[in-house]
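# Structural characterization, general
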Amino acid sequence: MIDKTVPNAQAALQGLADGMTLMLGGFGLCGIPENSIQELLRLGVKNLTCISNNAGVDDFGIGLLLQTKQVKKMISSYVGENAEFERQLLSGELEVELIPQGTLAERCRAGGAGIPAFFTPAGYGTEVGEGKESREFNGKMYLMETGLIADFALVKAWKGDTAGNLVYKGTARNFNPMMATAGKITVAEVEELVPAGELDPNQIHTPGIFVQRIYQGQHYEKRIEQRTVRQS
């Protein structure tokens, strides 16, 4: 029986080194690999290129790695909740590639599917398209975008089994599944780890073939970026 389990984040991130490119799953602060990010902080690896939909907030998520100056470049879509990100960008300390959200998702999916490039209308005629090849299809202009891959893809799932099959819950399903396919080494942390065969095959979102290491995380905070409540 295939068993891809490792005991903890420390074992899961063995081999991760300075200068690597990482994908970090999640949407806002939902479904982010909290335990793996804490291990990155402990390791102190630097000059990282981080591919993520967003950059966390100042004191949580990828924002913690920005505080310790471990990130050299961010490839992201939405970064509006992080003052330290803004400061480093404006001061020239941080390289940033901003990508339309759907394009970022498709670039991750394409990388995982072995598709080197594709055409999209998003961004044509804007700064996003500067220096990129464009082509007309059926009277409409498109930009060529390339697929993304990473040395490590760090994802977080609700449930997983010992063979690496994953099930996500709710908003966590936005970027984690695509990124899980695009890492040379994909590390999955899960809230609940079960024996192989216990997950309904029809409910699996990421097949275990894409996952190299899996472990059960702990002490999840699951913060909310902007909490809105009804006035009583």
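Going by the structure above, here's the rest.
All values derive from a computational prediction rather than experimental measurement.

## Examining the state of the cysteines
On inspection of all chains with the given rule, the structure shows zero disulfides. The thiol of Cys30 is unpaired, and the distance to the nearest cysteine sulfur, on Cys108, comes to 17 Å. Cys108 carries a free sulfur, and the closest cysteine sulfur to it, the one in Cys50, is 13 Å from it. In this structure Cys108 comes out as buried when scored by relative accessible area, which is 0%.

## As for the sheet that holds strand β5 (residues 117-120)
The strand order β5-β7-β6 describes an open sheet built from three strands, whose pairing is antiparallel. In this open sheet, the two edge strands, each paired with only one partner strand, are β5 and β6 (134-137). Within this sheet the neighbouring strands show an average axis-to-axis angle of 40 degrees, counted without direction. Both β6 and strand β7 (residues 140-146) contribute to a ladder of four bridges, which runs antiparallel. Across the sheet, Arg135 pairs through a bridge with Tyr142, a residue of β7. Strands in contact with helix α5 (residues 101-113) are β5 and β7; relative to β5, the strand with the most contacts, it is inclined by about 155 degrees.

## Some words on the environment of Ala180
Relative to the elements of secondary structure, Ala180 occurs in helix α6 (residues 176-181). For the pair Ala180 and Pro207, spaced 27 residues apart in sequence, the C-alpha to C-alpha distance is 9.4 Å. Dropping the residues within four chain positions of it, Ala180 is found in contact with Val155, Tyr168, Thr186, Thr206 and Phe210.

## Let's talk about the side chain of Ser52
Tracing the chain through its elements places Ser52 in the loop between β2 (48-51) and α3 (62-67). Discounting chain neighbours no more than four positions away, the residues touching Ser52 are Leu24, Ile62, Met74, Ile75, Ser76, Ser77, Leu104 and Met179.

## With respect to the pairing of strand β10 (residues 183-194)
Bridging between strand β8 (residues 150-161) and β10 involves ten bridges; their strand directions are parallel. Each residue of the ladder has a partner; that of Gly160, found in β10, is Leu193. Two elements, β10 and strand β11 (residues 213-216), share four bridges in a ladder whose sense is parallel. Each residue of the ladder has a partner; that of Glu189, found in β11, is Tyr215.

## Section: the pattern of salt bridges
By the definition in use, this model includes 15 salt bridges. For Arg42, the salt bridge is made with Glu39, and the minimal N-O distance between the two is 2.8 Å. Residue Arg42 and its partner Glu39 are both found in helix α2 (residues 34-43); the two are separated by three residues, about one turn of the helix.

## Notes on helix α4 (residues 83-91)
Where α4 is concerned, the buried positions are Glu84, Phe85 and Gln88. Relative to the axis of α4, the buried residues are bounded by an arc of 105 degrees and lie together on one face. N-cap assignment for α4: the residue whose side-chain oxygen lies 3.1 Å from the backbone N of Glu84 is Asn82. Where α4 ends, the next residue or the one after it, Gly92, has phi of about 80 degrees, a positive value.

Thresholds, definitions, all that
- Residues numbered from 1 in each chain as written.
- Predicted model: local features only at pLDDT ≥ 70, side-chain atom pairs only at ≥ 80, totals over all residues.
- Heavy atoms only, no water.
- Disulfide = S-S within 2.5 Å.
- Buried < 20%, exposed > 50% of the residue type's maximum accessible area, 1.4 Å probe, protein only.
- Pairing = 2+ DSSP bridges.
- Helix = DSSP H or I, 4+ residues; strand = E, 2+ residues; numbered from the N terminus.
- Axes fitted to C-alpha atoms, helices over the stretch in contact; angles between N-to-C directions.
- Contact = heavy atoms within 4.5 Å.
- Salt bridge = Lys/Arg side-chain N within 4 Å of Asp/Glu carboxyl O.
- Arc of directions from axis to C-beta.
- Polar contact = N/O pair within 3.5 Å; in protein donor to acceptor, adjacent residues only side chain to side chain.

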